[in-house]
2 protein chains.
Amino acid sequence: MATTRTSLREQLRAPAGPVSLADIDPRGTPDAPGDKDATKAQMTADGAELASLQERLYAEGVSGGPRRVLLVLQGMDTSGKGGVIEHVVGAVNPQGVSITSFKKPTPEELRHGFLWRVRRAVPGPGLLGVFDRSHYEDVLIGRVRELATPAVVERRYKEIVRFEDQLTESGVTIVKCMLHISRWEQKQRLLARLDDSTKRWKFNPGDIDERALWDDYQRAYETSIERTSTQTNPWHVVPADRKWYRNWAVGRLLLEAVTDLAPRFPQADYDVAAQRDRLIDEAD
Amino acid sequence: MATTRTSLREQLRAPAGPVSLADIDPRGTPDAPGDKDATKAQMTADGAELASLQERLYAEGVSGGPRRVLLVLQGMDTSGKGGVIEHVVGAVNPQGVSITSFKKPTPEELRHGFLWRVRRAVPGPGLLGVFDRSHYEDVLIGRVRELATPAVVERRYKEIVRFEDQLTESGVTIVKCMLHISRWEQKQRLLARLDDSTKRWKFNPGDIDERALWDDYQRAYETSIERTSTQTNPWHVVPADRKWYRNWAVGRLLLEAVTDLAPRFPQADYDVAAQRDRLIDEAD
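Keep in mind that this is a model prediction, so the values were computed, not measured. Residue positions are given per chain, counted from 1 along the sequence in the order it is written. Written order determines the labels here, with chains lettered from A and ligands numbered from 1. For a predicted model such as this one, the threshold for reporting local features is a pLDDT of at least 70, and the threshold for listing and counting side-chain atom pairs is 80 or more; totals across whole chains, interfaces and linings nevertheless cover every residue. Computation of side-chain values covers all heavy atoms of the structure but excludes hydrogens and water.

Looking at empty space enclosed by the protein
Alright, step 1. The rule is simple: put a 1 Å grid over the protein atoms alone, call a set of points where a 1.4 Å probe fits but cannot get out a cavity, call an open set with protein on both sides within 12 Å along at least five of seven lines a pocket, and count a residue as lining if it has an atom within 4 Å of a point. Grid points are joined across faces, edges and corners, and a volume is the space filled by probe spheres set on the points. Throughout the structure, instances matching the rule amount to one cavity of 30 Å³ or more.
Alright, step 2. By volume, the largest cavity is sized at about 40 Å³.
Alright, step 3. Lining of the largest cavity is provided by V89, G90, V92, P94 and V97 of chain A together with V89, G90, V92 and P94 of chain B.
Alright, step 4. Lys, Arg, Asp and Glu make up the charged group, whereas Ala, Val, Leu, Ile, Met, Phe, Trp, Tyr, Cys and Pro make up the nonpolar group; the residues left over, Gly among them, are polar. Classifying every residue of the lining of the largest cavity by side-chain character gives seven nonpolar, two polar and no charged.

So this is what it looks like as structure tokens:
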């Protein structure tokens, strides 16, 4: 199960230039530490390490450090954004986590620029923030459903790159993951939701309408990734037909990012011995 | 390990009328399912059940149901508010959780009534909200540090009761827990923070200053509990010197509350068979 710590992000990073999602196998398992069971076991171990590093990052934040991590999750319906949150983010102390689900914009949100609601959701220092969908919806559904003109969408790509650069400068490490599933797999998962009375609430007839635009969405993803994958804030395309691979991979990408930050418990900014004496000398 | 599901809250509920914290043993383990190991095992089982019920509540919320749960955690420094969040709330899918830590009010918050920031943090439908400290700080430190006059503090008790009644009417089940530790146990925990370089960031010299006012805080807690423990929204005093008991007990109080709600996965509001046909009949 020995895998090199820095390899996965190289492996899954979107190529520079044009992106062809059709050339990336959604059932693939690049760099997986083994079969399903071995990979799950590794994910549990990685989760414990992530939680431990996250505690250090949190401690830094409490002590005034600006650094934080933001996981941006995008993907078609059923691609597993919720599953990643439950199984990967769930390994971390919930006090250190900030999750924002971006739904259809409210009337108030629509009165502002598309990044307005996103800026308000940026995680505070020391936190692991998660965007379940994100500002990328405004260049995905925005483009496919023609909610914005092509010129506006083009401008948004640039705004996004600038916005993310600003975040990086202010201490935010962004990990962008596109959960890449096949159209066939989505069909199975939608059917599974319909067939299970405990899952029907997750299904929306509109999901099938969106599915009819599958190819348009794939094109929109390709263009979005091409325009917004930068050296600083690259996209990762995570094969997501196999849930166990998807969860391990996203967890590992996070772990690689936080490991790079090498967060450390802060030194005391008070005299430890003196405080100890105060406690010991108490009359009680 | 058979314990009756509805017993713990009766057991830990603050008595009607005057409250004497000195009469409640912080090392007690009322209704514990067994020793430390047995209790921890039960906590794990309870956590899984809580997570399962919480998923149903979340599904209700997605489908328009108004119900939600709010855990209010109060207690002296080191009493374990953070530990409860990590170990109890951490068992639940983080998507269904909303945690707010109330710190010293900001200048903006001080320009508003003391409940202003609290109203904004009330969890949305379907969520398990957690207040790590709460509006009760305004009648605790508010009273001990004389940040408000006695008359203002008295008025706040009434405002709190009214506010919580309103929340209950709007679908919020409130679970109020005071984590009750002994002064001696706090000393051990503060010393442990000083002695462990990975915990020093949790310590503040101000903690010892607050500790010097221990008796005043106990009185303030007693009065707050007496004034705001109602039939609808009672306080629970949770013995907290033993971490394993504290965690089990708070988890069990939550489980009892959510079990009472008996949340159920919503029925589909669409024609399941028709949607199934749409998927099956797709040309792909």
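Digging into the interface of chain B and chain A
Alright, step 1. Contacts are assigned to residue pairs with any non-hydrogen atoms lying within 4.5 Å of each other. With 45 residues of chain B at the interface, the matching set in chain A holds 45 residues.
Alright, step 2. By buried area we mean how much accessible surface two parts lose on assembly, using a 1.4 Å probe and totalling the loss over both. Taking both partners together, chain B and chain A bury about 4100 Å²; carbon and sulfur atoms supply 61% of that area.
Alright, step 3. Ranking the residues of chain B by area buried against chain A places W201, Y270 and L279 of chain B at the top, with a combined share of 18%.
Alright, step 4. Any carboxyl oxygen of Asp or Glu that lies within 4 Å of a side-chain nitrogen of Lys or Arg is treated as forming a salt bridge with it. Our count for the chain B to chain A interface comes out at eight salt bridges.
Alright, step 5. A salt bridge links R278 of chain A to D209 of chain B; the shortest N-O distance between them is 2.6 Å.

Digging into the sheet that holds strand β3 (residues 128–132) of chain A
All names here are of chain A.
Alright, step 1. Note on pairing: two strands pair once DSSP finds at least 2 bridges between them. Helix and strand assignments come from DSSP, with helices taken as H or I runs of at least 4 residues and strands as E runs of at least 2, each series counted from the N terminus. If you walk across this open sheet you meet the five strands as β2-β3-β1-β4-β5, and the pairing is parallel. Bordering the open sheet on either side are β2 (97–101) and β5 (235–239), each of which pairs with just one other strand. Strand-to-strand twist of the sheet, defined as the mean angle between neighbouring strand axes without regard to direction, takes the value 20°.
Alright, step 2. By the bridge criterion, eight bridges tie strand β1 (residues 68–75) to strand β4 (residues 172–180) in an arrangement that is parallel. If you follow L71 over to β4, its bridge partner there is V175.
Alright, step 3. Each of β1, β3, β4 and β5 is contacted by helix α11 (residues 243–261), which is oriented at about 165° to β4, the strand it contacts most. Only C-alpha atoms enter the line fits that serve as axes; for helices the fit covers just the stretch in contact. Angles between N-to-C directions range over 0 to 180 degrees.

Remarks on the relation of the copies chain B and chain A
Alright, step 1. For the match of chain B to chain A, the screw axis carries a shift of 0.0 Å, the RMSD comes to 0.0 Å, and the turn is 180°. Taken together, the rotation and translation relating the two chain copies correspond to the operation of a two-fold axis.
Alright, step 2. An overlap of 100% is found between the interface residues of chain B and their copies at the interface of chain A, pointing to a shared contact surface. The superposition of copies rests on a least-squares fit of C-alpha positions from residues with pLDDT of 70 or more in both.

With respect to the packing of helix α7 (residues 150–169) of chain B against helix α10 (residues 214–228) of chain B
Residues and elements named next belong to chain B.
Alright, step 1. Orientation of α7 relative to α10, taken along the N-to-C sense of each, is 45°, at an axis distance of 9 Å. The angle between the axes of α7 and α10 places the two elements in the oblique class. Note on packing geometry: the crossing formed by α7 with α10 is right-handed. Contact with α7, carried on its side by E154, Y157, I160, V161 and E164, involves T223, S224, R227 and T228 of α10 and no other residues of that element.
Alright, step 2. For the contact of α7 with α10, the residue count by class is three nonpolar, three polar and three charged. For this classification, under 35 degrees means roughly parallel, over 145 means roughly antiparallel, 65 to 115 means roughly perpendicular, and everything else is oblique. In this scheme the handedness of a crossing depends on how the near helix is turned from the far one: anticlockwise by less than a right angle means left-handed, clockwise means right-handed.

Regarding the UniProt feature "domain: Polyphosphate kinase-2-related" (unreviewed entry) in chain A
Alright, step 1. Mapped onto the present numbering, the UniProt feature "domain: Polyphosphate kinase-2-related" (unreviewed entry) falls at residues 35–260 of chain A.
Alright, step 2. Annotated as 54% helix and 14% strand, the span residues 35–260 of chain A places its first and last C-alpha atoms 27 Å apart. UniProt positions are given in the numbering used here, feature names are shortened, and annotations may be inferred rather than shown by experiment.

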